[in-house]
Amino acid sequence: MTEKFSKMQQQFLCCYPVNKMSWSSVKLPMDWDEQKALIAATCGHPLNERYPVRASYQEAFVKRLMQLLKDHEELHDDLFSSLTSQKCEQQCKDFAYKHYLLLQPDAHITLRESISFVNEGTTGLCTWEAALALADYLMQHSDVVKGKNIVELGAGTGLIGILLKLPALGFDAGQILLTDGSASCVQLMRDNVALNFPETPKEAIPQCAQLRWDEVKDFPWQQYAKTDLLLAADVIYDDSQFDALLDALDHLYTSRGNCLEMLLASTVRNVDTLHKFMEQLAKREYKVTPCANVSACVSHFCRDHTAAVQIISIKR
């Protein structure tokens, strides 16, 4: 019976906004067994029991479900137990988990993330919409990464690098190097890589390293494969970082004889900020080509498609 709740399951495990979930798919009235099956598919899912989502999110989900069932004479006991099961465990924790279930059997990504948008002086300890959009794009255009050695800048939680190395998806990418300027983010990436590849040889999983853009020339690039493709998501929201990022790109492109491409995904928060970055790219003789976003009907991730995300290819 849990198959009938597969969409709700996918949304719950990745903490998709409760008010935007597929509640219309829940047919009323729900008998005792159907209530139990829905809770088993969401709060009681083995992934959530081992690596629980944020307690406040689970509470909001259960309360919304109970509101939906308010006219029912009986509510399953599992509903009430799901309200209290995590509160004691998570009340002092700064981190929780999200699980991204993909279309392929047994293909999923589990990420440990901060429960706050800003933590330890960085925004990189949680996954942002642009990273999901870029991951979706790569799922639809796997040829872009086939055989490529990839460096991700500002990789945050490590979602994209982990995605590209999942054996079930068959991306056939080369070496993946996840970088971030924050030591906290690098440690979180390493934790998430270990979580998703517990028994995989080191050479077959993403590598993680701290890289500050203003220190790109001092980075030990000789320890890694030559870069073919750069990836980045949500890294140009702060124009005070433009010069450091652009100088880093200049160094990386020049070191590869300009035989390099970058895919950059950005949530459109401030049009002027994006426009300013595009002007700076043009001044440095980069060629920008827009990439089509993946439509909601074929998306592999539960994400907010009303949030405008721009994906571009950058070459020189």
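Looking at an unreviewed UniProt entry, the protein chain carries the name Protein-lysine N-methyltransferase EFM3, with the source organism given as Drosophila madeirensis.

On to the overall build of the protein chain. Scanning the protein chain from N- to C-terminus turns up 11 helices and 9 strands. If you line up the protein chain on its principal axes, its C-alpha atoms span 70 × 40 × 35 Å. Considering the protein chain as a whole, with its 316 residues, one finds that 53% of them fall into the buried category. The long-range fraction of contacts in the protein chain, counting pairs at least 24 apart against all pairs at least 6 apart in sequence, stands at 76%. A total of about 15,200 Å² of accessible surface is found on the protein chain, and carbon and sulfur atoms cover 49% of it. Placing the 31 positive and 40 negative side-chain charges of the protein chain at their respective mean positions leaves the two points 4 Å apart.

Our next topic: the packing of aromatic side chains. With the rule as written, the count across this model stands at 9 aromatic pairs. Among the aromatic residues, those joined into a cluster by ring pairs are Phe12, Trp23, Tyr57 and Phe61. Here the guanidinium or amino end of Arg64 rests over the ring plane of Trp23, the centre of that ring lying 5.0 Å away. Taking the ring centre of Phe95 as reference, the NZ or CZ of Arg112 above it sits at 4.1 Å.

A few words on helix H1 (residues 6-13). When you tally the buried positions in H1, you get 6 out of 8 residues, the bulk of the element. Turning to H1, its buried residues number three or more, namely Met8, Gln9, Gln10, Gln11, Phe12 and Leu13. A positive phi of about 60 degrees marks Cys15, the residue just after H1.

Take the side chain of Glu152 next. With respect to the helices and strands, the residue Glu152 is situated in strand S3 (residues 150-153). Buried and without a salt bridge, Glu152 has Lys165 as its closest oppositely charged side chain, separated by 13 Å. Ignoring any residue separated from it by four or fewer positions in sequence, one finds Glu152 in contact with Ile160, Gly161, Leu177, Leu178, Thr179 and Leu231.

A few words now on unusual backbone geometry. The peptide bond linking Leu28 to Pro29 adopts the cis configuration, its omega dihedral lying at -5 degrees. Tracing the backbone shows Pro29 in the loop between H1 and helix H2 (32-41). Residues other than glycine seldom take positive phi values, yet Glu285 does so here, at roughly 65 degrees. Its location among the elements puts Glu285 in the loop between helix H11 (271-283) and strand S8 (287-291).

Turning our attention to the confidence of the model for the protein chain. Per-residue confidence for the protein chain averages 90 on the pLDDT scale, and 92% of its residues sit at or above 70. Every residue in residues 118-124 scores below 50 in pLDDT, and together they form 17 contacts with partners more than four places removed in sequence or on other chains.

Turning our attention to the pattern of salt bridges. Per the counting criterion, the structure on display carries 14 salt bridges. For Lys4, the salt bridge is made with Glu34, and the minimal N-O distance between the two is 3.2 Å. Pair noted here: Lys4 is in the segment before H1 and Glu34 is in helix H2, with a separation of 30 residues, a long-range link. For Lys4, a relative accessible area of 45% gives the class partly exposed. One salt bridge in this structure joins Arg284 and Asp247, with 2.8 Å as the shortest N-O distance.

What counts and what doesn't
Residues numbered from 1 in each chain as written. Predicted model: local features only at pLDDT ≥ 70, side-chain atom pairs only at ≥ 80, totals over all residues. Heavy atoms only, no water. Helix = DSSP H or I, 4+ residues; strand = E, 2+ residues; numbered from the N terminus. Buried < 20%, exposed > 50% of the residue type's maximum accessible area, 1.4 Å probe, protein only. Contact = heavy atoms within 4.5 Å. Areas by Shrake-Rupley, 256 points an atom, 1.4 Å probe, with all protein chains shown as cover. Lys, Arg positive; Asp, Glu negative; His and termini not counted. Charge placed at Lys NZ, Arg CZ, Asp CG, Glu CD. Phe/Tyr/Trp six-rings, centres within 6.5 Å; stacked < 30°, edge-to-face > 60°. Lys NZ or Arg CZ within 6 Å of the ring centre and 35° of its normal. Salt bridge = Lys/Arg side-chain N within 4 Å of Asp/Glu carboxyl O. pLDDT = per-residue confidence, 0-100.

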